[in-house]
Amino acid sequence: MAHSDKKFFILTGDPGVGKTTLIKKISSILSVRGTKVAGFYTEEVRNNRVREGFDIISLEGKRGRLARDQSLLNEPAKCKVGKYGVLVQEFEQIALPCLTKVPDNQTCLIIDEIGKMEFFSNSFKLKIKEIFSPTSNNIVLATIPIRRGDAIIESIRNNRRSKIWVITRENRNTIHDDILNEMQKVFTY
């Protein structure tokens, strides 16, 4: 059998190790090679080197706020992770459309990240369940937290169609080749 049954390419690792940078690198290499990509990534927002929160950015370039330091918000957010208030609606406005209109099963879905903040959105949670369901044809490149988490996250981690890489400071600049080689097996060029 030439092609792999792995469809879910999952990066995990400590916060700040460089998962998003890697996801952006891989998605731009895929684009250059002619693979369609859709989805989003999250990015730290800093002001004078102080982290104020996180933004969500779709691969089409739409940007919204995912979370902000509570002290910067006019009214406290209902959902919190540490000192950050999660702006669920703004997140959904960008994340959900990216994950809903996947053109075909040769498009790589980029989801950075499937984590605690993002899971305050029930619609996102349902979408993730669907994307990773046994009947799904999606090809996914995603990041999940290294720590054990929500049951859905654990089901992705333990899915027989998932291939997991733990990103470290040692491997983060070279591991993309390995990941791309694995991904190559599922795309029919």
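Residues numbered from 1 in each chain as written. Predicted model: local features only at pLDDT ≥ 70, side-chain atom pairs only at ≥ 80, totals over all residues. Heavy atoms only, no water.

Student: Looking at this structure, how should I read a nonpolar patch on the surface?
Tutor: Together, I146, I164 and V166 make up a nonpolar patch on the protein surface, roughly 200 Å² of accessible area in all. Relative to the helices and strands, I146 is located in the loop between β8 (139–145) and α4 (151–157). (Patch = residues over 30% accessible without salt bridge, like charges linked within 9 Å, V, L, I, M, F, W, Y side chains within 5 Å. Areas by Shrake-Rupley, 256 points an atom, 1.4 Å probe, with all protein chains shown as cover. Salt bridge = Lys/Arg side-chain N within 4 Å of Asp/Glu carboxyl O. Helix = DSSP H or I, 4+ residues; strand = E, 2+ residues; numbered from the N terminus.)

Student: What should I look at first to understand the sheet that holds strand β1 (residues 8–13) in this one?
Tutor: Whenever strands of a sheet pair, they do so through backbone hydrogen bonds, lying parallel or antiparallel. The mixed open sheet is built from nine strands, whose spatial order is β5-β6-β4-β3-β2-β7-β8-β1-β9. Every other strand in the sheet has two partners, leaving β5 (79–81) and β9 (162–167) as the edge strands with one partner each. For this sheet, the mean inter-axis angle between neighbouring strands, taken without regard to orientation, is 25 degrees. Bridging between β1 and β9 involves six bridges; their strand directions are parallel. What sits directly across from F9, in β9, is K163. Running over the sheet, helix α3 (residues 122–131) touches β1, β2 (36–47), β7 (107–111) and β8 and is turned about 140 degrees from β7. Each of β1, β7, β8 and β9 is contacted by helix α5 (residues 176–184), which is oriented at about 175 degrees to β9, the strand it contacts most. (Pairing = 2+ DSSP bridges. Axes fitted to C-alpha atoms, helices over the stretch in contact; angles between N-to-C directions. Contact = heavy atoms within 4.5 Å.)

Student: Sorry if this is basic, but what is going on with the nonpolar core here?
Tutor: In a soluble, globular protein the nonpolar side chains are often hidden away together inside. F40, I111, I114, F124, I128 and F132 are the most contacted members of the largest nonpolar core, which totals 34 residues. Looking at this core element by element, the count peaks at seven residues for helix α2 (residues 88–100). Setting aside chain neighbours within four positions, we find F124 in contact with F40, F91, A95, L96, L99, I111, E113, E118 and F119. Grouped together as the second largest cluster of nonpolar side chains are 19 residues, L30, L141, M183 and F187 included. (Core = buried A, V, L, I, M, F, W, Y, C linked by side-chain atoms within 4.5 Å. Buried < 20%, exposed > 50% of the residue type's maximum accessible area, 1.4 Å probe, protein only.)

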